[in-house]
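One-letter residues, chain by chain:
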Amino acid sequence: MNNNLQSDSIAHAVGVLNKEDVIAYPTEAVFGVGCDPDSELAVSRLLTLKQRPVEKGLILIAASFDQLKPYIDDSMLTSAQRETIFAAWPGPVTFVFPALPTTPRWLTGRFDSLAVRVTDHPLVIELCHRFGKPLVSTSANLTGLPPCRTAEEVLAQFGNDFPVVIGETGGRLNPSEIRDALTGERFRQG
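This report concerns the structure included in the present document. Values in this document were obtained by computation on a predicted structure and should not be read as measured data.

### Considering the overall build of the chain
Looking only at helices and strands, one finds 7 helices and 8 strands in the chain. Against the compact-globule benchmark of 16 Å for 190 residues, the chain has a radius of gyration of 16 Å, which places it among compact chains. Dimensions of the chain, computed from the C-alpha atoms along their principal axes, are close to 45 × 30 × 30 Å. By the burial criterion, 52% of the 190 residues in the chain qualify as buried. Partitioning the contacts of the chain with sequence separation of at least 6, the portion at a separation of at least 24 is 67%. Across the chain, the mean location of the 17 positive side-chain charges is 4 Å away from that of the 22 negative side-chain charges.

### Side note on the packing of aromatic side chains
Throughout the structure, instances matching the rule amount to 7 aromatic pairs. Where Phe65 meets Phe86, the ring centres are 5.1 Å apart and the plane angle is 90°; that geometry is what we call edge-to-face. Of the two residues, Phe65 is situated in helix α3 (residues 65–68) and Phe86 in helix α4 (residues 79–88); the sequence distance between them amounts to 21 residues. Its relative accessible area of 37% is what places Phe86 among the partly exposed residues. Site record: aromatic cluster; members linked through ring pairs are Phe65, Phe86, Trp89, Phe95 and Phe97.

### Quick look at the sheet that holds strand β2 (residues 31–34)
Taken together, 8 strands build an open sheet; the order of strands is β1-β2-β6-β3-β5-β4-β7-β8 and the sheet is mixed. The sheet is open, and its two edges are formed by β1 (23–26) and β8 (186–188), each paired on a single side. Adjacent strand axes in the sheet meet at a mean angle of 40° when their direction is disregarded. Inspection of the sheet shows β1 paired to β2 by 4 bridges, in the antiparallel sense. Across the sheet, Ile23 pairs through a bridge with Gly34, a residue of β2. Seen against the sheet, helix α2 (residues 40–50) touches β2 and β6 (135–139) and runs at an angle of roughly 5° to β6.

What counts, and where the lines are drawn
Residues numbered from 1 in each chain as written. Predicted model: local features only at pLDDT ≥ 70, side-chain atom pairs only at ≥ 80, totals over all residues. Heavy atoms only, no water. Helix = DSSP H or I, 4+ residues; strand = E, 2+ residues; numbered from the N terminus. Rg over C-alpha atoms; globule rule 2.2 N^0.38 Å. Buried < 20%, exposed > 50% of the residue type's maximum accessible area, 1.4 Å probe, protein only. Contact = heavy atoms within 4.5 Å. Lys, Arg positive; Asp, Glu negative; His and termini not counted. Charge placed at Lys NZ, Arg CZ, Asp CG, Glu CD. Phe/Tyr/Trp six-rings, centres within 6.5 Å; stacked < 30°, edge-to-face > 60°. Pairing = 2+ DSSP bridges. Axes fitted to C-alpha atoms, helices over the stretch in contact; angles between N-to-C directions.

In structure tokens form, the structure reads like this:
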């Protein structure tokens with residue numbers, strides 16, 4: 001893949017994110033659709049696109065743990081719980097943390113918690129660094145259709161003008177595992 005083409009698609013994606021709109025990008029297993037987690041308008045556009053109810057809550061994907069700190073309360077974690085989490089990150093494991101009281105309901109839905117992941121996908125890391133914060137991340141697919149694994153599949157489902165970061169997924173077959181940060185309970189197998 002031409003690095004200039006990837007860099008151009010990331011720059012374009014950051015511009016779209018700054019306009020409170022939705023983009024698609026490769027993750028560890030499938031393409032994700034995402035937006036600015038601090039923009040209610042952007043999240044509303046994403047939920048409408050996915051036909052997903054706000055009550056279900058969303059996942060944030062980040063380049064670093066520091067990017068997630070404005071949204072989660074990690075003060076209750078023991079050192080053993082921190083070790084477990086940081087042993088899995090960066091990587092394809094999502095952890096559900098207690099949300100800070102300031103975390104918007106359009107992210108947490110009906111929960112007092114928020115699912116978050118520090119990715120090891122190089123394009124998503126660069127995207128989050130260049131955007132300066134985490135992204136909302138949910139699988140790129142319309143309701144009832146399988147998640148997209150290529151940019152071509154994203155364009156086929158969402159239209160030829162949909163903004164897509166060009167690149168390959170990480171090659172994993174399953175979506176990220178989801179675990180409770182406090183109890184270790186597994187909500188979804190990875």
